[in-house]
Amino acid sequence: MNKNDAAHVFLRVILGLTFFIHGVSKFQGGLGNTAGFFDSLGIPGFMAYIVAGIELIGGLAVILGLGTRIVSVLFAVIMAGAIFTAKLPAGFLGNGQAAGYELDLALLAMSVYLACANRTVLSLDNVIFNKKGK
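Residues numbered from 1 in each chain as written. Predicted model: local features only at pLDDT ≥ 70, side-chain atom pairs only at ≥ 80, totals over all residues. Heavy atoms only, no water.

**Describing the UniProt feature "transmembrane region" (unreviewed entry) in the chain**
Turning to step 1, where the next piece is worked out: The sites that UniProt annotates as "transmembrane region" (unreviewed entry) are residues 7-25, 45-66, 73-93 and 105-124.
Turning to step 2, where the next piece is worked out: Secondary structure over residues 45-66 splits into 86% helix and 0% strand, and the C-alpha atoms at its two ends are 28 Å apart.
Turning to step 3, where the next piece is worked out: Helix makes up 71% of residues 73-93 and strand 0%, with an end-to-end C-alpha separation of 25 Å. (UniProt positions renumbered as here; feature names shortened; annotations may be inferred. Helix = DSSP H or I, 4+ residues; strand = E, 2+ residues; numbered from the N terminus.)

Here is the structure:
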């Protein structure tokens, strides 16, 4: 494993952990509350359940390197949706009352990178499909 592979694994684990914790938070805070927030933004409330599931299960999968490309695309869609429906009006750094979209943009960039990058030797995808670094 070279330094690029190590950096890729580090990025993948951090992204997966971030989404996993956000998913856990949605479940602990009550999905009904998240659904209500989605409704207030004009997003159908049932989408909260889908987003929370993707964050929780997808986060764990990305940590393990399982289906990273597919899950990363889903993460990118979630982040683009968050930016354009909730965060954009507050600006990049926020407006003092609401958070900005800087974190969402960083998570979007990480997701796009992982959706496009080759898998590394330290991933379940690599073990399952027995392809080294591709």
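Picking up where we left off.
**Considering helix α4 (residues 68-87)**
Turning to step 1, where the next piece is worked out: By the burial criterion, the buried members of α4 are T68, V71, S72, F75, A76, I78, M79, A82 and I83. Down the axis of α4, the buried side of the element spans an arc of 165°, and every buried residue falls inside it. Exposed residues pointing more than 90 degrees away from the buried face of α4 are listed as I70, V77 and F84.
Turning to step 2, where the next piece is worked out: In this fold, the buried residues of α4 make contact with α1 (3-28), α3 (46-64), α5 (102-116) and α6 (124-129). (Buried < 20%, exposed > 50% of the residue type's maximum accessible area, 1.4 Å probe, protein only. Arc of directions from axis to C-beta. Contact = heavy atoms within 4.5 Å.)

**Concerning the pattern of salt bridges**
Turning to step 1, where the next piece is worked out: With the rule as written, the count across this model stands at two salt bridges.
Turning to step 2, where the next piece is worked out: Here E55 makes a salt bridge to K26, at a shortest N to O gap of 2.9 Å. Taken as a pair, E55 in helix α3 and K26 in helix α1 lie far apart in primary sequence, 29 residues in all. The two residues E55 and K26 agree in class, both being buried.
Turning to step 3, where the next piece is worked out: Between K87 and D104 there is a salt bridge; the shortest N-O distance is 3.0 Å. Remark: D104 occurs in helix α5 and K87 occurs in helix α4; sequence separation between them is 17 residues. (Salt bridge = Lys/Arg side-chain N within 4 Å of Asp/Glu carboxyl O.)

**A word on the environment of I50**
Turning to step 1, where the next piece is worked out: If you trace the backbone, I50 turns up in helix α3.
Turning to step 2, where the next piece is worked out: Sequence spacing of I50 and T18 is 32 residues, and the spatial spacing of their C-alpha atoms is 17 Å.

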